[in-house]
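Tertiary structure, described
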Amino acid sequence: MASSPSANGVLIFFLLLSAPVCLSLNNTTASLQSHCPRSKTPRRGSPAGSSFVPSTSFLSTLHSTLDEIKKVVSLVSTFSSSLDCNLRVSSAVSDCIELLDLSSDELTWTLSDSQSNNASTEGTGGNHLSDLHTWMSAALGNQDTCKDGLGGTGGFVESLIAKGLDKVNSLVADGLREIAAAAVENAGEKGGRRRLMGFPEWVSAGDRKLLQAQPAAVANAVVAQDGSGNYTTVEAAVAAAPAESPRRYVIYVKKGVYKENVEVKKKKWNLMLVGDGMGQTVISGSRSYVDGWTTYRSATFAVAGKGFIARELTIENTAGPQKHQAVALRSDSDLSVFYRCGFSGYQDTLYAHSLRQFYRECRIAGTVDFIFGNAAAVFQNCQVFPRRALPGQKNSVTAQGRKDPNQNTGFSLQFCNVSADADLHGSANSTATYLGRPWKAYSRAVFMQSYLGSVIRPEGWLEWDGTFALSTLYYAEYMNYGPGSGLGGRVKWPGYHALSDATMAANFTVARFIDGNSWLPSTGVKYIAGLTV
């Protein structure tokens, strides 16, 4: 039974008196959504081939989960704005409020969509069941990220809200189970049309033109350090962009190094950031875990607004390997695209945290777990460069965080080049490098039709902690080539698969894994839907 508000108040008062920490979040509060459909909530009816008729218990579970989220946020918010405190605690609490708010949104979209037969397709992937499955999968992961951040704060806040977070997760998992069962029934009906070097369908014709056009000709706002634009910082331009825009809003960032941390909040929809080229337009930060930030909050560039697109720029975290977790990009943007972008860091460079993401012709460099998170993400024609790590460290290209077998998340790398970066080239033995290791129990990563350089160890994959997840993970390779692609010395784990069946491999293509044919064409980014170039 939940404790009463008055009991919570007494408990919080006592804990604040006895605890040596205090919190200041600049009056951050969670703007939780009501249980009623919103006029601008991304919703859609049930098209042929993706039907889902929710049970009464499913709808009841969603309502109960939203109620529980409100209780947890209310508990945290009661003391979150007290006094100044250490950075780690305030960052962790701020993370939790933001992540629970995202869960509330994702569950509200699911509830609205499940009860609507003729809702708008705006803001969705175009596949009703895929949308529901994606939103529920993301909602299950957010609470774990909250816990991860609180784990390094000494336990005070974590112990206060742990039961509430566990109850939210349990309820979401119950609902996700029903969605996943429906997805299995409809799996054969999922679109798999081949588009050779075309544009995925969640990329509109208008966005295709924007991705090919000269940035100055299509920009709504210009950022320039020399004062020749509308703004001198990226953050100022993002803050001035319209909220909940149904139309694409383009910000052109002229060449230069912009030393700032940028956040694209959840209400900044359909934002597009265009630079003058990889290495020419650079957004640079240096936050790190060692300096007191949570991993989640260390990001140089963080985006939550749906439909985000970035093109021709670099995002870097310069904290260095000695500062450990230090994120360059963090994305919680559903139906987001990163085209010809560079991501540079060391440990935890690219945090593909949640929802559907597509990366094309990008350059990603790092060391430990440098592509990590629990999104459903496809990387196509990307250059993936392991770097020299600290003495004693091992490189892992991926650390995918799927925690429940019913989540539709994972990483798929196709037509990529995995090779040693300049500082590791010629001395690969100094940092043992692997394709991935299982951050969570059902970690899922697939490398397909990619060049694997000699930097990759013969065993290919690395344990996380003894036998943890070795039988529940899903790691696979299909038709890779290069000196690091040999399968003879690969691990013999139950969850590892050397695929030879194209039908199995096709499950991890753009068309099937992220339902790309239904949303990528509207962005204008080139992509390959299936296995054939």
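Residues numbered from 1 in each chain as written. Predicted model: local features only at pLDDT ≥ 70, side-chain atom pairs only at ≥ 80, totals over all residues. Heavy atoms only, no water.

Attention shifts here to the overall build of the protein. Scanning the protein from N- to C-terminus turns up 10 helices and 24 strands. Residue burial in the protein is summarised as follows: out of 533 residues, 62% are buried. In the protein, the proportion of contacts linking residues at least 24 apart, taken out of those at least 6 apart, comes to 76%. About 19,600 Å² of surface is accessible on the protein, with carbon and sulfur atoms providing 51% of the total. (Helix = DSSP H or I, 4+ residues; strand = E, 2+ residues; numbered from the N terminus. Buried < 20%, exposed > 50% of the residue type's maximum accessible area, 1.4 Å probe, protein only. Contact = heavy atoms within 4.5 Å. Areas by Shrake-Rupley, 256 points an atom, 1.4 Å probe, with all protein chains shown as cover.)

The buried fraction of strand S23 (residues 474–478) is high, at five of five residues. Here S23 shows no split at all, with Tyr-474, Ala-476 and Tyr-478 on one side and Tyr-475 and Glu-477 on the other all buried. Sheet analysis places strand S21 (residues 444–448) next to S23, joined by five bridges and oriented parallel. From the neighbouring strand, Met-448 faces S23, where its bridge partner is Tyr-478. (Pairing = 2+ DSSP bridges.)

Here we take up the state of the cysteines. Per the counting criterion, the structure on display carries one disulfide. Between the sulfur atoms of Cys-96 and its disulfide mate Cys-146 the distance is 2.0 Å. The S-S bond linking Cys-96 to Cys-146 shows a torsion near 95 degrees; that makes this disulfide right-handed. A residue pair is termed long-range when its members are at least 10 positions apart, and Cys-96 in helix H3 (residues 87–114) and Cys-146 in helix H4 (residues 128–150) qualify at 50 residues. Of the two residues, Cys-96 and Cys-146, neither departs from the other in class, the shared state being buried. (Disulfide = S-S within 2.5 Å.)

The full count for this structure, using the stated rule, is three cavities of 30 Å³ or more. A volume near 110 Å³ is recorded for the second largest cavity. Around the second largest cavity sit Gly-141, Asp-144, Thr-145, Asp-148, Tyr-351, His-353, Gly-373, Asn-374, Gly-401, Lys-403, Trp-439 and Lys-440, which together line it. No other element matches the four residues that H4 contributes to the lining of the second largest cavity. Tallied by class, the residues present in the lining of the second largest cavity amount to two nonpolar, six polar and four charged. Split by domain, the residues of the lining of the second largest cavity number at least three in each of domain 1 (56–187) and domain 2 (210–523). (1 Å grid on protein atoms, 1.4 Å probe; cavity = no way out; pocket = protein on both sides within 12 Å on 5 of 7 lines; lining within 4 Å. Points joined across faces, edges and corners; volume = space filled by probe spheres on them. Nonpolar A, V, L, I, M, F, W, Y, C, P; charged D, E, K, R; others polar. Domains from an automatic or database assignment.)

With that settled, consider the packing of H3 against H4. Running from amino to carboxyl end, H3 crosses H4 at an angle of 160 degrees, the nearest separation of the two axes being 9 Å. Here H4 runs roughly antiparallel to H3, going by the angle between their axes. Our pair here, H3 against H4, has a crossing hand that is left-handed. Along the lines of polarity and charge, the residues of the contact of H3 with H4 split into 15 nonpolar, eight polar and two charged. (Axes fitted to C-alpha atoms, helices over the stretch in contact; angles between N-to-C directions. Parallel < 35°, antiparallel > 145°, perpendicular 65-115°, else oblique. Left-handed = near helix turned anticlockwise from the far one by under 90°.)

A word on the UniProt feature "active site" (unreviewed entry) in the protein. UniProt tags Asp-369 as "active site" (unreviewed entry). Tracing the sequence through the fold places Asp-369 in the loop between strand S13 (363–366) and strand S14 (371–373). In contact with Asp-369, not counting residues within four places along its chain, are Asp-348, Ser-396, Val-397, Thr-398, Ala-399, Arg-437 and Trp-464. (UniProt positions renumbered as here; feature names shortened; annotations may be inferred.)

Glancing now at the pattern of salt bridges. Applying the stated criterion across every chain yields a total of 25 salt bridges. A salt bridge links Arg-297 to Glu-98, with the nearest nitrogen and oxygen atoms 3.2 Å apart. In this pair, Arg-297 sits in the loop between strand S6 (281–285) and strand S7 (301–303) while Glu-98 sits in helix H3, placing the two residues 199 residues apart along the sequence. Considered together, Arg-297 and Glu-98 belong to a single accessibility category, that of buried residues. Sharing partners across several salt bridges, the network here consists of Asp-95, Glu-98, Glu-263, Lys-265, Arg-297, Arg-330 and Asp-332. (Salt bridge = Lys/Arg side-chain N within 4 Å of Asp/Glu carboxyl O.)

On to the sheet that holds strand S17 (residues 395–400), then. With respect to topology, seven strands assemble into an open sheet ordered S4-S7-S9-S11-S14-S17-S20, the strand pairing being parallel. Each edge of the sheet is formed by a strand with only one pairing partner; in this case those strands are strand S4 (262–264) and strand S20 (433–436). For this sheet the average axis-to-axis angle between neighbouring strands, irrespective of direction, equals 15 degrees. With three bridges connecting them, S17 and S20 associate as parallel partners. Its bridge partner being in S20, Ser-396 is matched across the sheet by Tyr-434.

Okay, H4 next. Under the 1.5 Å per step criterion, the end-to-end length of H4 is 35 Å for 23 residues, consistent within 8% with the ideal 33 Å. Counting buried positions over the 23 residues of H4 gives 21, a clear majority of the element. (Expected span 1.5 Å × (residues − 1).)

Below, the discussion takes up the environment of Thr-398. Positionally, Thr-398 belongs in strand S17. Residues Thr-398 and Gly-436 lie 38 residues apart in sequence; the distance between their C-alpha atoms is 4.4 Å. Not counting the four nearest positions on each side in its chain, Thr-398 is found in contact with Asp-369, Ile-371, Phe-411, Leu-413, Leu-435, Gly-436, Arg-437, Ala-445, Phe-447 and Trp-461. Within the structure, Thr-398 has its side chain in polar contact with the backbone oxygen of Leu-435 (distance 2.9 Å). (Polar contact = N/O pair within 3.5 Å; in protein donor to acceptor, adjacent residues only side chain to side chain.)

As a further point, take the nonpolar core. Among the nonpolar cores identified, the biggest contains 58 residues, and Phe-301, Phe-343, Tyr-359 and Phe-379 are the most heavily contacted of them. Each residue touching Phe-343, except ones within four places of it in the same chain, is listed here: Ile-315, Leu-329, Phe-338, Thr-349, Leu-350, Tyr-359, Cys-362, Arg-363, Ile-364 and Ala-365. Membership of the second largest hydrophobic core comes to 51 residues, among which are Val-76, Cys-146, Ile-179 and Ala-182. (Core = buried A, V, L, I, M, F, W, Y, C linked by side-chain atoms within 4.5 Å.)

For helix H5 (residues 156–185), which comprises 30 residues, the first-to-last C-alpha distance of 44 Å matches the rise-based estimate of 44 Å (1.5 Å per residue) to within 8%. At Ala-162, H5 shows its maximal bend, which comes to roughly 50 degrees. (Bend = angle between axes of the 7 residues up to and from the residue.)

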